[in-house]
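Understanding the architecture of this molecule
Listed below are the residues making up each chain.
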Number of protein chains: 2
Amino acid sequence: MLTIVLIGYVAGLLTTFSLVPEIYRTWRIKEARDLSYYWLASLGVGVVLWIAYGIFISSMPVIAANSASIILVMLQALLTVRYNKRKLKR
Amino acid sequence: MLTIVLIGYVAGLLTTFSLVPEIYRTWRIKEARDLSYYWLASLGVGVVLWIAYGIFISSMPVIAANSASIILVMLQALLTVRYNKRKLKR
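Residues numbered from 1 in each chain as written. Chains lettered and ligands numbered in written order. Predicted model: local features only at pLDDT ≥ 70, side-chain atom pairs only at ≥ 80, totals over all residues. Heavy atoms only, no water.

What about unusual backbone geometry?
Phi is mostly negative for residues that are not glycine, and the peptide bonds are mostly trans. At A:S58, a residue that is not glycine, the phi angle is positive and equals roughly 55 degrees. Residue classification places A:S58 among the exposed residues on the basis of a relative accessible area of 64%. (Buried < 20%, exposed > 50% of the residue type's maximum accessible area, 1.4 Å probe, protein only.)

Rendered as structure tokens:
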């Protein structure tokens, strides 16, 4: 059972990590892409539902991975709003 | 219990869908980004581990969402290899 939970945590670490390059890219080029709002909304709601599902089935890896993901999604949202505003000001 | 499983499926649908814009973008501009290989490797291994974890805990939403994701990740990998090759030929 410990191995199974560990597999879940490693899985969560890797898939959550996959959000980092997009955030890094937005921060680096100081510009958010056109698709970002739909993408963020879909991902954000999905991640919140995963947390709810994880709580219901008592799966700590699902809860932990998606709690980390929601922080990254919010960070991406902040950067997107910030750089889209800057774009509009030009 | 049916509602819980349904929440899991909707969660999976939304987070899996979040992979589509990147694939669409690669296909549209016929160019894969520099980070793509690390990103794909991390995401691919993560998704496979989620499937393994889903089987162990008998969670159909986790298995289904990540099975759909692995197909999308493979599609992204194919496009990445294809357009990186084309880039090298120039």
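Quick look at the packing of helix α3 (residues 36–56) of chain A against helix α1 (residues 2–17) of chain B
Viewed as axis vectors pointing N to C, α3(A) and α1(B) meet at an angle of 150 degrees, and their least axial separation amounts to 8 Å. Two packed elements cross with a definite hand, and for α3(A) against α1(B) that hand is left-handed. In this structure, α3(A) contributes A:S42, A:L43, A:V45, A:G46, A:V47, A:L49, A:W50, A:A52, A:Y53 and A:F56 to the contact, and α1(B) contributes B:I4, B:V5, B:I7, B:G8, B:V10, B:A11, B:G12, B:L14, B:T15 and B:F17. In terms of residue class, the contact of α3(A) with α1(B) is made up of 15 nonpolar, 5 polar and no charged. (Axes fitted to C-alpha atoms, helices over the stretch in contact; angles between N-to-C directions. Helix = DSSP H or I, 4+ residues; strand = E, 2+ residues; numbered from the N terminus. Left-handed = near helix turned anticlockwise from the far one by under 90°. Contact = heavy atoms within 4.5 Å. Nonpolar A, V, L, I, M, F, W, Y, C, P; charged D, E, K, R; others polar.)

Description of the packing of aromatic side chains
Across all of its chains, the model carries 4 aromatic pairs over all chains by this definition. Ring centres of B:W50 and B:Y53 lie 5.7 Å apart, and the angle between their planes is 70 degrees; this geometry places the pair in the edge-to-face category. Residue B:W50 and its partner B:Y53 are located together in helix α3 (residues 36–56), separated by 3 residues, close to a single helical turn. The class of B:W50 is buried, set by a relative accessible area of 7%. Positioned above the aromatic ring of A:W27 is the side chain of A:K30, whose terminal nitrogen or guanidinium carbon lies 4.6 Å from the ring centre. (Phe/Tyr/Trp six-rings, centres within 6.5 Å; stacked < 30°, edge-to-face > 60°. Lys NZ or Arg CZ within 6 Å of the ring centre and 35° of its normal.)

By themselves, these observations are geometric and do not establish any function.
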